[in-house]
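Coordinate analysis (summary)
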Amino acid sequence: MRILTWNMWWRFGPWERRRDAVLAWLRRERPDVCGLQEVWAAGDMNLARWLANELGMHWAFAAGEVMPHWRARVRSPALDTGVGVAVLSRWPITGTAVTRLPTDGAPERLRPALFARIDAGPYEVPFFTTHLHSSDDGTAVRRAQLDALGRFVAGRRGTGPFPPVVTGDFNAEPDSPEVRGFGAPHGLVDAWTRAAPDSPGATRQARNPYRPGPGARDARIDYIHTGAPGPAGQGRVTAVRRTGDGPVDGVWPSDHAAVVADLAG
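It should be emphasised that the depicted structure is a prediction, and the values quoted were computed from it without experimental measurement. (Residues numbered from 1 in each chain as written. Predicted model: local features only at pLDDT ≥ 70, side-chain atom pairs only at ≥ 80, totals over all residues. Heavy atoms only, no water.)

1. Concerning the side chain of Gln234
- For Gln234, the location among the structural elements is in the loop between strand E11 (222–227) and strand E12 (237–243).
- You can call Gln234 buried: its relative accessible area is 6%.
- Within the structure, the side chain of Gln234 is placed 2.9 Å from the backbone nitrogen of Ala232, a separation counted as a polar contact.
- What Gln234 contacts, discounting residues up to four positions off in sequence, is Tyr123, Pro161, Phe162, Pro163, Pro229, Ala264 and Gly265. (Helix = DSSP H or I, 4+ residues; strand = E, 2+ residues; numbered from the N terminus. Buried < 20%, exposed > 50% of the residue type's maximum accessible area, 1.4 Å probe, protein only. Polar contact = N/O pair within 3.5 Å; in protein donor to acceptor, adjacent residues only side chain to side chain. Contact = heavy atoms within 4.5 Å.)

2. Details of the pattern of salt bridges
- For the coordinates displayed, the defined rule picks out 10 salt bridges.
- A salt bridge links Asp262 to Arg2; its shortest N-O distance comes to 2.7 Å. Residue Asp262 is found in strand E13 (residues 258–263), and its partner Arg2 is found in strand E1 (residues 2–7); the two are separated by 260 residues along the sequence.
- Overall, the relative accessible area of 18% leaves Asp262 in the buried class.
- For Arg2, a relative accessible area of 23% corresponds to the partly exposed category.
- Across the pair Asp245 and Arg242 runs a salt bridge whose closest N-O atoms are separated by 3.1 Å.
- For Asp245, a relative accessible area of 17% puts it in the buried group.
- In the salt-bridge network here, residues are joined through shared partners; they are Arg2, Glu29, Arg241 and Asp262. (Salt bridge = Lys/Arg side-chain N within 4 Å of Asp/Glu carboxyl O.)

3. Comments concerning the packing of helix H1 (residues 15–29) against helix H2 (residues 47–55)
- In contact at an axis separation of 11 Å, H1 and H2 are set at 45 degrees when each is read in the N-to-C sense. By the angle between their directions, the pair H1 and H2 is classed as oblique. Seen along the crossing, H1 lies across H2 with a hand that is right-handed. For the pair H1 and H2, the contacting residues are Arg19, Asp20, Val22, Leu23, Leu26 and Arg27 in the first and Leu47, Trp50, Leu51, Glu54 and Leu55 in the second.
- Class assignment of the residues belonging to the contact of H1 with H2 gives a composition of 7 nonpolar, no polar and 4 charged. (Axes fitted to C-alpha atoms, helices over the stretch in contact; angles between N-to-C directions. Parallel < 35°, antiparallel > 145°, perpendicular 65-115°, else oblique. Left-handed = near helix turned anticlockwise from the far one by under 90°. Nonpolar A, V, L, I, M, F, W, Y, C, P; charged D, E, K, R; others polar.)

4. Re the sheet that holds strand E8 (residues 124–131)
- Taken in spatial order, the 6 strands of this open sheet run E6-E7-E8-E9-E11-E10, and their pairing is mixed. Pairing within the sheet leaves two strands with one partner each, and these edge strands are strand E6 (93–100) and strand E10 (188–190). Taking each pair of neighbouring strands and ignoring which way they run, the sheet shows an average axis angle of 20 degrees.
- Direction of pairing for E8 relative to strand E9 (residues 165–169): parallel, over a ladder of 5 bridges. Within the sheet, the bridge partner assigned to Thr129 lies in E9 and is Thr167.
- Sitting on the sheet, helix H4 (residues 139–154) is in contact with E6, strand E7 (112–119), E8 and E9, with an inclination near 25 degrees to E7. (Pairing = 2+ DSSP bridges.)

Scope: geometric values only; no functional claims are made or implied.
Following this line, the structure appears as structure tokens:
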């Protein structure tokens with residue numbers, strides 16, 4: 001089973017051409033289940049729906065809140081555009097649930113976590129995706145959000161043999177207090193540490209043209225976490241790598257690279 005997580009960078013930059021570049025990378029990788037963040041939605045239009053239709057996948061979406069400062073950075077057609085997180089799946093999505101993550105004293109913003117129960121044939125896969133608080137000094141907020149996310153996962157992990165899969169843009173690096181404190185208390189492990197611990201795997205790349213400025217540097221802030229494998233090895237991480245990390249026809253798909261992990265069935 002191939003899992004992918006990717007931040008779509010909302011409607012910033014040349015978003016229509018970027019959308020085609022995202023689609024090209026997804027067709028190349030052929031993921032079975034995707035967790036997507038900063039997914040735009042405008043009226044009946046939704047990036048997750050469009051991608052699902054193009055790829056022949058099922059989809060689910062949870063609305064978040066557009067940050068006020070984002071609107072000053074885009075042209076007027078995006079002003080009525082919403083944002084959220086989404087799941088794409090090659091198999092039916094038989095149930096969903098959404099929780100609102102806490103702000104812990106920061107300005108009140110809607111940051112959802114989305115659960116999707118995936119009917120993957122012999123197994124049901126409890127799948128989650130989210131997008132955490134982004135300020136550089138937001139460690140306490142992200143820690144509270146990850147605690148809430150862990151409880152959300154624990155309440156919906158089910159009793160089947162396939163472990164929960166948690167994806168998202170955590171806006172924090174692996175050695176940060178919030179990320180280091182997330183996995184073990186909730187029985188989850190960063191897929192990267194299981195399969196590629198010696199590879200840096202930066203998903204925020206200084207060479208990405210959408211991340212200009214002297215402060216740009218490489219950082220890994222996007223994650224796939226999994227629970228303990230099932231009794232026959234179900235959900236065991238066999239490979240993990242970065243993808244979506246270059247242009248298609250001269251256009252970079254996002255300001256983030258994606259992470260893709262292969263899990264045993």
